[in-house]
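Chain residues, written in single-letter form:
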Amino acid sequence: MRVRVGDYGVYAYTGSRLPDRTAPNIVFVHGSANDHSVFALQSRYFAYHGRNVYAVDLPGHGNSEGEPLRNVETLADWLIAFFNAAELKEVTLVGHSLGSLAVLEAAARHPERVSRLALLGTAVPMAVNDQLLAAAAANDHVAFELINGWSFSAKRLLGGNPWPGMWMTGQAMRLMERVRPNVLYADLVACREYTNGLRAAAGVWCSSLMLLGARDVMTPAKAARDLTATLRDVSVVTLDCGHSMMSEQPDAVLDALREFLR
Amino acid sequence: MAKPRTHQFDTLTLHAGAVPDPATGARATPIYQTTSFVFPDTDHAAALFNMERAGHIYSRISNPTCAVLEERIAALEDGVGAIATASGQAALHLAIVTLMGAGSHIVASRALYGGSHNLLAFTLPRFGITTTFVDPRNLDEWRSAIRPETRLLFGETLGNPGLDVLDIPRVAALAHDHRLPLLVDSTFTTPWLVRPFDHGADLVFHSATKFLSGHGVLIGGLLVDSGRFAWDAADARGKFATLTEPYPGFHEMVFVEESTTAAFLLRARREGIRDFGACMAPFTAFQLLQGIETLPLRMAKHVDNTRKIVAFLREHPLVGAIGYPELPEHPDHALAQKLLPRGSGAVFSFDLKGTREQGRRFIESLKLFSHLANVGDAKSLVIHPASTTHFRMSAEDLRKAGITEGTIRLSVGLEDPEDLKEDLSRALHAAGKA
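Residues numbered from 1 in each chain as written. Chains lettered and ligands numbered in written order. Predicted model: local features only at pLDDT ≥ 70, side-chain atom pairs only at ≥ 80, totals over all residues. Heavy atoms only, no water.

A closer look at the pairing of strand 6 (residues 114-120) of chain A
Note on strand geometry: in a regular strand, side chains alternate between the two faces of the sheet. All names here are of chain A. Counted residue by residue, strand 6 has 5 buried out of 7 residues, so it is predominantly covered. Judged from the 6 bridges that link them, strand 5 (residues 91-96) and strand 6 form a sheet pairing that is parallel. Across the sheet, residue L93 finds its bridge partner in strand 6, namely L117. Each parallel crossover has a hand, and for strand 5 linked through helix 3 (residues 98-109) to strand 6 it is right-handed. The pairing of strand 6 with strand 7 (residues 207-213) spans 5 bridges and is parallel. Of the residues in strand 7, the one forming a bridge with L120 is L211. (Buried < 20%, exposed > 50% of the residue type's maximum accessible area, 1.4 Å probe, protein only. Helix = DSSP H or I, 4+ residues; strand = E, 2+ residues; numbered from the N terminus. Pairing = 2+ DSSP bridges. Right-handed = clockwise from strand over helix to strand, strands pointing away.)

Here's what the structure looks like:
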């Protein structure tokens, strides 16, 4: 589906389904230099199991127009603007990586709009490697290579994709290569400069799920401890995977979300 | 200084896509010789059918052994994924029918494998898909053949049998200027010699029967997607409706929405393999995996042997023109140096001076070179294209494809090169006396 948020068109994947206004809504928010398709399996499942799904492309990403937003607070406000444009009164928010920070901040700013919160591959603060940031600033392909190398657990760098026939690091690379120059840099700066994470967590009133990768070196599980301690009603699930958990462990991610939303 | 964590080509030939079998710890990829896979429960089954969960349903659609092979070739080609098919011809057919239907048009190199030429020139027109054949070296011919209904450009990395080197960067750029994808048959080269995606191609297929398998024991194909082509780009909208419009055959799925990078493969598997059914058998995939494990070693030896055979033939008085791009007189020599720095493969043709009877005597006198219709075997092979692989082509088409009555095609194997030279020398001597 497409809606307009401000001056720009926004795309959200809905599983090719029309919304049922009586069904609960779930909004998926991707991470840096990604788009809605990173949630392909999980979002499709919920679209066919009683929920209205909106896997958004953030501004400047995928099929959404505009420029990437330069900080997490702006992303959170943009999400609320998207809810308004799509006429979503209350939503479950699922965010990965940068998307997890955006949904955390949105849940804190507008608790009345968020019924559940799922943070995947998250950390507060979300450190960004200096070399990675420099490569992204220079629009150097090395930035994508570093991300790919760090986003998958060591054994998954050699494949073994549960999704038959797909080479997951190749897919991840192509997805990043599609973003326009400076988008990755903007996303990484937003991650690195976000300092309100624990204050936001303290302002979250709904139930939360934290889904962490035991082998995640982009957002190591231990970097989420303070967040875990701050959120009021939180359950933590740790999976045997790296940062790209939706690719590495698609079913485990789905099962954790199903259990959380049961 | 952090370095990207990646694996090199030789490592990928052994490991990509494979993990020790979770059930038994088997190091080699098991042959999952099963038609179907048990569903844990009805919800799981429904989720598999509707692409909500990852996994296997029925081995025509996907199979764990085939999936390892698919990942491996995708890794070696630097693609996003692949589909294993029953043959190289099935891979070519799958690529075409995934992208287009009746009323569509293809622009293809004239220097094609005879089977590919048959499909494009004679069979597909019955289904409303037509092809214009062009001189692969003439970019103006490629350009002027493109029509509004064109959906694909297609050529071979090394044309059959004259070894015309496809100028992938230039043909790809032309294709992209017209918002069209370039499909490349990389059978003769394998990713060890060239990765067409590195030079701009969008789709690659292999007759895996040949060098990837390497031992002449199976029939198989592989279709690989680079994941780079933007099927839904604004200026291409409407051209690739199979990927950009709702598909009634799968819950109105819009493939480009479902997968940003692999829409083509999704449709190919969810429609082409499902409905046409030209899938690969798991035992074939297992054998192919064994072959690919030694691909770098074999290709290096194939190329080394070929260079020695070419040098030998070049000095022989009964041998006319030799079509091998590493020779300075080959019209694509400079291009081959650029695109194929590791070598120009192990299949080439030469013209035997003399009569048709002398050609017959030459082939029948060979002892190590086997006279058969295949290339890319560990054993050396020979054939007379005009009377076999390309026998359906008219004299004019043969001439345009660079084939004469005296053209002999060799596929140089892994034997000791001195033995191969002696075999050729003896056969040439016999031909000379005929």
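Now that the structure has been shown, the text picks up again.
Here's the deal with the side chain of A:S43
All names here are of chain A. As for its placement among the helices and strands, S43 is situated in helix 1 (residues 40-47). Engagement of the side chain of S43 in a polar contact is seen with the backbone oxygen of A40, the distance being 3.3 Å. Excluding anything up to four places from it in sequence, S43 contacts Y13, F28, V53 and A55. (Polar contact = N/O pair within 3.5 Å; in protein donor to acceptor, adjacent residues only side chain to side chain. Contact = heavy atoms within 4.5 Å.)

Some details on helix 17 (residues 417-433) of chain B
All names here are of chain B. Taking 1.5 Å per residue as the helical rise, helix 17 with its 17 residues ought to reach 24 Å, and the 24 Å between its terminal C-alpha atoms agrees with that figure. Along helix 17, the residues classified as buried are P417, L420, K421, D423, L424, A427, L428, A430 and A431. Considering only its buried residues, helix 17 is in contact with helix 13 (295-314), strand 8 (319-323), strand 9 (347-352), helix 15 (356-365) and strand 12 (407-411). For helix 17, the capping residue at the N-terminal end is D416, with a side-chain oxygen 2.8 Å from the backbone nitrogen of E418. (Expected span 1.5 Å × (residues − 1).)

With respect to the sheet that holds strand 8 of chain B
Residues and elements named next belong to chain B. In spatial order, the strands read 8-9-12-11-10; together these 5 strands make up an open sheet with mixed pairing. The open sheet has two edge strands, strand 8 and strand 10 (370-371), and neither has a second partner. Pairing of strand 9 with strand 12, which is carried by 5 bridges, proceeds in the antiparallel orientation. From the neighbouring strand, F350 faces strand 12, where its bridge partner is I408. Lying over the sheet, helix 13 contacts strand 8, strand 9 and strand 12, oriented at roughly 10° with respect to strand 9. (Axes fitted to C-alpha atoms, helices over the stretch in contact; angles between N-to-C directions.)

Details of the state of the cysteines
Residues and elements named next belong to chain A. In total, this model carries 0 disulfides over all chains according to the counting rule given. In this structure C191 is a free cysteine whose sulfur lies 18 Å from that of C241, the closest cysteine sulfur available. Judged by relative accessible area, which is 3%, C191 ranks as buried. (Disulfide = S-S within 2.5 Å.)

Looking at helix 11 (residues 250-261) of chain A
Given a rise of 1.5 Å per residue, 12 residues ought to cover 16 Å, and the 16 Å separating the end C-alpha atoms of helix 11 of chain A matches this to within 8%. Within the span of helix 11 of chain A, buried status applies to A:P250, A:D251, A:V253, A:L254, A:A256, A:L257, A:F260 and A:L261.

Focus: the packing of aromatic side chains
In the structure shown here, the tally under the stated rule is 16 aromatic pairs over all chains. When the centroid spacing of 5.4 Å and the interplanar angle of 85° are considered together, the rings of A:Y45 and A:F46 count as edge-to-face. Assessed through its relative accessible area of 4%, A:Y45 is described here as buried. Judged by centre distance (5.8 Å) and plane angle (40°), the ring pair of B:Y247 and B:F255 falls under tilted. (Phe/Tyr/Trp six-rings, centres within 6.5 Å; stacked < 30°, edge-to-face > 60°.)

Thoughts on the packing of helix 5 (residues 142-151) of chain A against helix 6 (residues 168-177) of chain A
All names here are of chain A. Here helix 5 crosses helix 6 at 145°, and the two axes come no closer than 10 Å. By crossing handedness, the relation of helix 5 to helix 6 is classed as right-handed. Taken together, the residues of helix 6 that come into contact with helix 5 (itself represented by F144, E145, I147 and N148) are T169, A172, M173, M176 and E177. Looking at side-chain class alone, the contact of helix 5 with helix 6 contains 5 nonpolar, 2 polar and 2 charged residues. (Left-handed = near helix turned anticlockwise from the far one by under 90°. Nonpolar A, V, L, I, M, F, W, Y, C, P; charged D, E, K, R; others polar.)

Describing the environment of B:E293
Within the secondary structure layout, B:E293 lies in helix 12 (residues 282-293). Among residues more than four places away in sequence, those in contact with B:E293 are B:T13, B:L14 and B:R72.

Quick look at the sheet that holds strand 7 (residues 221-225) of chain B
Residues and elements named next belong to chain B. If you trace the 7 strands from one edge of the open sheet to the other, you get 1-7-6-5-4-2-3, paired in mixed fashion. Strands with a single pairing partner mark the edges of an open sheet, and in this sheet they are strand 1 (81-85) and strand 3 (130-134). Averaged over all pairs of adjacent strands, the angle between their axes in this sheet comes to 20°, without regard to strand direction. Direction of pairing for strand 2 (residues 105-109) relative to strand 4 (residues 150-156): parallel, over a ladder of 4 bridges. Residue pairing across strands places V107 opposite L153, the latter belonging to strand 4.

Description of the confidence of the model for chain B
Averaged over every residue, the pLDDT of chain B is 95; the share at 70 or more is 100%. Both confidence scores are given for the complex: pTM 0.96, ipTM 0.96. (pLDDT = per-residue confidence, 0-100.)

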